[in-house]
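Examination of the molecular architecture
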2 protein chains.
Amino acid sequence: MLRTCLVGLCLLVPAVQAQEVAEIPEPVRTTVQQLIERGLDDEVGYHFVRDLTTEVGPRLAGSEAEARARRWSTQKLAELGFKEVRTEDFEIPFWARQVDRARIVSPTQQNLVITALGGSTSTPVGGVEAEILRFESMAELRAASADIVSGKLVFIDEKMTRTQDGSGYGMAVRKRRNCATVTSEKGGVACLIRSVGTQARRFAHTGMMARGKAVGDGVAVALSPPDAEQITRLLTKGPVRLHLDVQVETREKAPSGNVIAEIKGRENPEEIVLIGCHLDSWDLGTGAVDDGAGCGIVVGAAHLIKSLGTAPRRTIRVVLYGSEEVGLLGGRYYAQRHADNLDNHVFAAESDFGAGKIWRFQTRFGEGALPYARAIQQVLAPLGISPGNNQAFGGPDISMLPRSGVPVVTPRQNGWDYFDLHHTPDDTFDKIDHDDFNQNVAAYATFTYLAAEMGWDFRKTVN
Amino acid sequence: MLRTCLVGLCLLVPAVQAQEVAEIPEPVRTTVQQLIERGLDDEVGYHFVRDLTTEVGPRLAGSEAEARARRWSTQKLAELGFKEVRTEDFEIPFWARQVDRARIVSPTQQNLVITALGGSTSTPVGGVEAEILRFESMAELRAASADIVSGKLVFIDEKMTRTQDGSGYGMAVRKRRNCATVTSEKGGVACLIRSVGTQARRFAHTGMMARGKAVGDGVAVALSPPDAEQITRLLTKGPVRLHLDVQVETREKAPSGNVIAEIKGRENPEEIVLIGCHLDSWDLGTGAVDDGAGCGIVVGAAHLIKSLGTAPRRTIRVVLYGSEEVGLLGGRYYAQRHADNLDNHVFAAESDFGAGKIWRFQTRFGEGALPYARAIQQVLAPLGISPGNNQAFGGPDISMLPRSGVPVVTPRQNGWDYFDLHHTPDDTFDKIDHDDFNQNVAAYATFTYLAAEMGWDFRKTVN
């Protein structure tokens, strides 16, 4: 605020900062218009996600299916004419569900729709039976004494809030991550959570509960919302007993990897503009919105730029990360393997929030580079995208890069419905809207091209 | 049409029929207003379906759960103060799913979301593997030669049309009823159908394929819509092989029954106004819209009438039919057991189409009784219900009564979303809209009361 005084009257008025906007010269501007037009009509990206989710299907981290997805992607990217197509392999601890089922055994007999959480341990073979103890929240469970939790099936009935930017997830996911640990500490038998999701249908949402290892500290499953409500209603009448059977397969080491493809820069090939997604998915659906769509978007966008005929100044690197779902393992591996070269990473973005329209473009640049942010935001405005702040986190697999000084952006997608599908059997290709998807392709092609062509220093700290 | 001639000009104009409307005298008219007002605020009916679907849950015909539902309903109806609460028991052929799973084994490995159809036979233990042969319609399968069908898994990819009155069901259900028989005749291994339903999510819809016996003529399963589309996409690339495992339990005889409760008529107790629903459900959901809602509606409506204090002239009989889903067995049994007394059934209605608002009131009365139909329709109009024709079929379990001369009505509900839930795991209590449900209670209370109080002869053939 500034203090302004006029004829003895003083007012506080906002300081009008000079909103400097970097200039984009004419030939580049025309190319960007082409990219937008072609992006809105693109088929390559859409077909990539369609065929990945159809021909490979679910792609559980460390599984044979994820390996097939790497082979499939490598071949497809080579066919599309990308250069330096390769995988960078690593190993991960492996977890897979074999059996996960639950039924109410008293006061009535009913099957429930549940899913084991990634990293759950197994129950004894044949399952366990115990009484349910319900909590409204993780906080309430934490506050409970071990005396009352011991021997019980803990049920956390916390709901998630639907938001456009997905911000309800951060809070809701805590119960998924911590419920089993706290339950085990207090002597509980297993933990059931109301699914981390926003839909009201009979789908349970899986997701990781362990951290950095194959299995966590106990048995953990998620209930579909109608099943959570059913149990809650039954509990108003008296005790409810459940039979729960979870059997999982684990291995200390399983193969995973990142798939990489490039458009080699024509002037500064050592400078890298990275756009990514993750190739693995949960096992229940076919990983369409999470995250086949993201891979289709970045591949479609890079392919459009490649189709211009002349490579941009810098190298564009497309990275399809492996094993994101089980702890950002592909992203962590990339950051470690390329640690010596992160100074050459001039810009990074990841698409991992479905295929909803982008409505806001956030950056995390040096203060001196904000005129470049504004220039990109102006070009994206006709796509219905408004400027965001300079506090972007990037995306899951690139979230560790800003620590090493890599500038990132977050093209924020409309996630209103994303957590209706996320980690459920219903995450399938038919849920992707072609027009919304292509708005993403057009936007990614635009800002990726600008980042690669303009030679801007997004790290620049002083204007 | 009438031919009207005026100054040499002849026109065809519709004949204006005298639309005679029966009179409803003042005390009855006031009572009806009370019933409508109380119906819109009722809790008894809504709690009936809530508690039935919660405390009993799924109620497969002939199962122990259906027996529990009879005991539960009998007790509840007695608690609500109904008279002559009883069951009329019969036996049915029993079918239950034990295992139903399918996975694509070539050219990729993916689990599918399927459900065995009621009456499916078992595959060999451990399942079968075969190549898929896709047909656009039942007609196309019928036209195919046995040479090409033999040894194949037949897949019928016919879609169902969404309509408000549910009329898309009749056509779509043919593939469910006939697919296995035709497949078996042509030497096919099993039949897969795209689910008979209108939703696009990852739910498969079960439903009966056999007729009047425990098992039909082969293995039959339904695929969720996204799985049907996945297979169709894969088939554009080449042959697709599936592994299918269906194991079922059957018994020649299992107990079922109808639950009956009454409000004894004060003047003509032998004359019966019947309102019904069915108590059994499929096993996947908790049978909320099909047909717990219908039972809640008729129980709620009858309870409102009972609460008036003075019984109407005729007896109101509430019938909760058993084993509707497996061939209208409760309805058929009732018609047979009460064959000698059907002349005393003066009026019948069944609620079995969910809990959507009623938008049209159809009758099937004698021509001379149409003034009574119009009188009822006028009273229902403030509830947003428009007059329908005189060709009502009644409802599934009363569909055989018109043959014996019993007058029936069909209060047609909005079924726009009904086949999104019908026979899926997602048919659960949370899907019922309380306001729409109560409009049904108010309407049923109104026309049931008028039918019981007014002493009208709905069979009347001449005016």
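Section: the pattern of salt bridges
Between side chains of opposite charge, a pair can form when the charged atoms approach closely. On inspection of all chains with the given rule, the structure shows 66 salt bridges over all chains. Linking Asp426(A) and Lys431(A) is a salt bridge whose minimum nitrogen-to-oxygen distance equals 2.9 Å. On the basis of relative accessibility, which here comes to 0%, the residue Asp426(A) falls in the buried class. Here Arg86(B) makes a salt bridge to Glu262(B), at a shortest N to O gap of 3.4 Å. Taken together, the positions of Arg86(B) in strand β3 (residues 83–106) and Glu262(B) in strand β10 (residues 241–263) put the pair 176 residues apart, joining distant regions of the chain. Judged by its relative accessible area of 23%, Arg86(B) is partly exposed. Through salt bridges with shared partners, a single network forms among Arg86(A), Glu88(A), Glu262(A), Lys264(A), Arg317(A) and Arg337(A).

Details of the confidence of the model for chain A
Here chain A averages 95 in pLDDT, while 96% of its residues score no lower than 70. Here residues 1–8 of chain A is modelled with pLDDT under 50, and outside its nearest four sequence neighbours on either side it reaches 15 contacts, counting other chains as well.

Section: helix α10 (residues 370–380) of chain B
Residues and elements named next belong to chain B. Of all eleven residues making up α10, ten are buried, and the element is well covered by its neighbours. If you check which residues of α10 are buried, you get Leu370, Pro371, Tyr372, Ala373, Arg374, Ala375, Ile376, Gln377, Val379 and Leu380. Tucked inside the fold, the buried residues of α10 contact α1 (26–40), β14 (358–364), β15 (386–387) and α12 (434–453).

Regarding the relation of the copies chain B and chain A
Turning chain B through 180 degrees and shifting it by 0.0 Å along the axis lays it on chain A, with an RMSD of 0.0 Å. The symmetry that links the two subunits is that of a two-fold axis.

Comments concerning the interface of chain B and chain A
With 32 residues of chain B at the contact, the number on the chain A side is 32 residues. For the pair chain B and chain A, the summed buried surface comes to about 2,400 Å²; carbon and sulfur atoms form 48% of the total. At the junction of chain B with chain A, the criterion picks out six salt bridges. In this structure, the salt-bridge partner of Lys237(A) is Glu55(B), at a minimum N-O distance of 2.8 Å. Run the count over chain B and chain A and you get 24 residue pairs in polar contact (both at pLDDT 80 or more). Listing elements by their share of the side of chain B that touches chain A, those giving two or more residues are α2 (44–56) and α7 (225–235) of chain B. Tallying contributions element by element places α2(B) first for the side of chain B that touches chain A, with six residues.

Looking at the state of the cysteines
All names here are of chain A. Following the criterion strictly, the structure yields four disulfides over all chains and no others. Here cysteine 277 connects covalently by a disulfide to cysteine 295, the sulfurs 2.2 Å from one another. Between cysteine 277 and cysteine 295 the disulfide shows an S-S torsion of about 95 degrees. By sign, it is right-handed. With cysteine 277 in strand β11 (residues 268–278) and cysteine 295 in helix α8 (residues 288–306), this residue pair connects regions lying 18 residues apart in the sequence.

As for the pairing of strand β6 (residues 128–135) of chain B
Residue and element names in this part refer to chain B. Relative to β10, β6 runs antiparallel, the two being bridged by four bridges. Across the sheet, residue alanine 130 finds its bridge partner in β10, namely leucine 242. Pairing analysis gives four bridges linking β6 to strand β7 (residues 153–156), with the strands arranged parallel. The partner of leucine 133 across the bridge, within β7, is valine 154.

Some thoughts on the packing of aromatic side chains
According to the stated counting rule, one finds 39 aromatic pairs over all chains in the structure shown. With centroids separated by 6.0 Å and ring planes inclined at 85 degrees, the aromatic side chains of Tyr372(B) and Phe458(B) adopt a geometry described as edge-to-face. A residue pair is termed long-range when its members are at least 10 positions apart, and Tyr372(B) in helix α10 and Phe458(B) in the segment after α12 qualify at 86 residues. An identical accessibility class is assigned to Tyr372(B) and Phe458(B); each is buried. Here a set of aromatic residues connected by ring pairs shows up, and it is made of Phe347(A), Phe361(A), Phe365(A), Tyr372(A), Tyr444(A), Phe447(A), Trp456(A) and Phe458(A).

Regarding the side chain of His243(B)
Residues and elements named next belong to chain B. Position of histidine 243 among the secondary structure elements: in strand β10. Within the structure, histidine 243 has its side chain in polar contact with the backbone oxygen of glycine 126 (distance 3.0 Å). Excluding residues that lie within four positions of it along the chain, histidine 243 makes contacts with Arg101, Ala102, Arg103, Val105, Gly126, Gly127, Val128 and Glu129.

Some words on the pairing of strand β12 (residues 314–321) of chain A
Residues and elements named next belong to chain A. Across the eight residues of β12, eight count as buried, placing the element largely inside the fold. As judged from the five bridges shared by strand β10 (residues 241–263) and β12, these two strands associate in the antiparallel manner. Following the sheet pairing, isoleucine 260 is matched in β12 by valine 319. Relative to β12, β11 runs parallel, the two sharing eight bridges. From the neighbouring strand, histidine 278 faces β12, where its bridge partner is tyrosine 321. As a crossover connection, the stretch from β11 through α8 into β12 is right-handed.

Details of the side chain of Glu324(A)
All names here are of chain A. Within the secondary structure layout, glutamate 324 lies in the loop between β12 and α9 (329–337). It is arginine 177 that comes nearest to the buried, bridge-free glutamate 324 among opposite-charge side chains, at 7.9 Å. If we ignore the near neighbours within four places in the chain, the residues touching glutamate 324 are His278, Asp280, Leu329, Asp352, Pro396 and Asp397.

Remarks on the nonpolar core
Leu244(B), Leu320(B), Phe347(B), Ile432(B) and Trp456(B) are the most contacted members of the largest nonpolar core, which has 135 residues in total. Both of domain 1 (26–93 + 255–453) and domain 2 (94–252) of chain B provide at least three residues apiece to this core. In contact with Leu320(B), other than residues within four places in its own chain, are Phe48(B), Ser73(B), Leu77(B), Gly257(B), Asn258(B), Val259(B), Cys277(B), Leu279(B), Cys295(B) and Val299(B). With 134 residues, the next largest nonpolar core counts Leu52(A), Leu60(A), Tyr169(A) and Leu380(A) among its residues.

Quick word on the packing of α10(B) against α12(B)
All names here are of chain B. Interaxial distance between α10 and α12 falls to 10 Å at its minimum, and their mutual angle equals 150 degrees. By the angle between their axes, α10 is roughly antiparallel relative to α12. Between α10 and α12 the crossing geometry is right-handed. On α12, the residues that touch Ile376, Val379 and Leu380 of α10 are Ala443, Thr446, Phe447 and Leu450. Looking at the contact of α10 with α12 residue by residue, the classes come out as six nonpolar, one polar and no charged.

What to know about the environment of Gln362(A)
Residues and elements named next belong to chain A. Inspection of the secondary structure assignment puts glutamine 362 in strand β14 (residues 358–364). Separated by 26 residues in sequence, glutamine 362 and glycine 388 place their C-alpha atoms 4.4 Å apart. In this structure, glutamine 362 is in contact with Gly388, Asn389, Ala392, Val409, Thr410 and Arg412, ignoring residues within four places of it in sequence. There is a polar contact of 2.9 Å between the side chain of glutamine 362 and the side chain of asparagine 389.

Definitions and limits used
Residues numbered from 1 in each chain as written. Chains lettered and ligands numbered in written order. Predicted model: local features only at pLDDT ≥ 70, side-chain atom pairs only at ≥ 80, totals over all residues. Heavy atoms only, no water. Salt bridge = Lys/Arg side-chain N within 4 Å of Asp/Glu carboxyl O. Buried < 20%, exposed > 50% of the residue type's maximum accessible area, 1.4 Å probe, protein only. Helix = DSSP H or I, 4+ residues; strand = E, 2+ residues; numbered from the N terminus. pLDDT = per-residue confidence, 0-100. Contact = heavy atoms within 4.5 Å. Least-squares fit on C-alpha atoms with pLDDT ≥ 70 in both. Buried area = accessible area lost by both parts, 1.4 Å probe. Polar contact = N/O pair within 3.5 Å; in protein donor to acceptor, adjacent residues only side chain to side chain. Disulfide = S-S within 2.5 Å. Pairing = 2+ DSSP bridges. Phe/Tyr/Trp six-rings, centres within 6.5 Å; stacked < 30°, edge-to-face > 60°. Right-handed = clockwise from strand over helix to strand, strands pointing away. Lys, Arg positive; Asp, Glu negative; His and termini not counted. Core = buried A, V, L, I, M, F, W, Y, C linked by side-chain atoms within 4.5 Å. Domains from an automatic or database assignment. Axes fitted to C-alpha atoms, helices over the stretch in contact; angles between N-to-C directions. Parallel < 35°, antiparallel > 145°, perpendicular 65-115°, else oblique. Left-handed = near helix turned anticlockwise from the far one by under 90°. Nonpolar A, V, L, I, M, F, W, Y, C, P; charged D, E, K, R; others polar.

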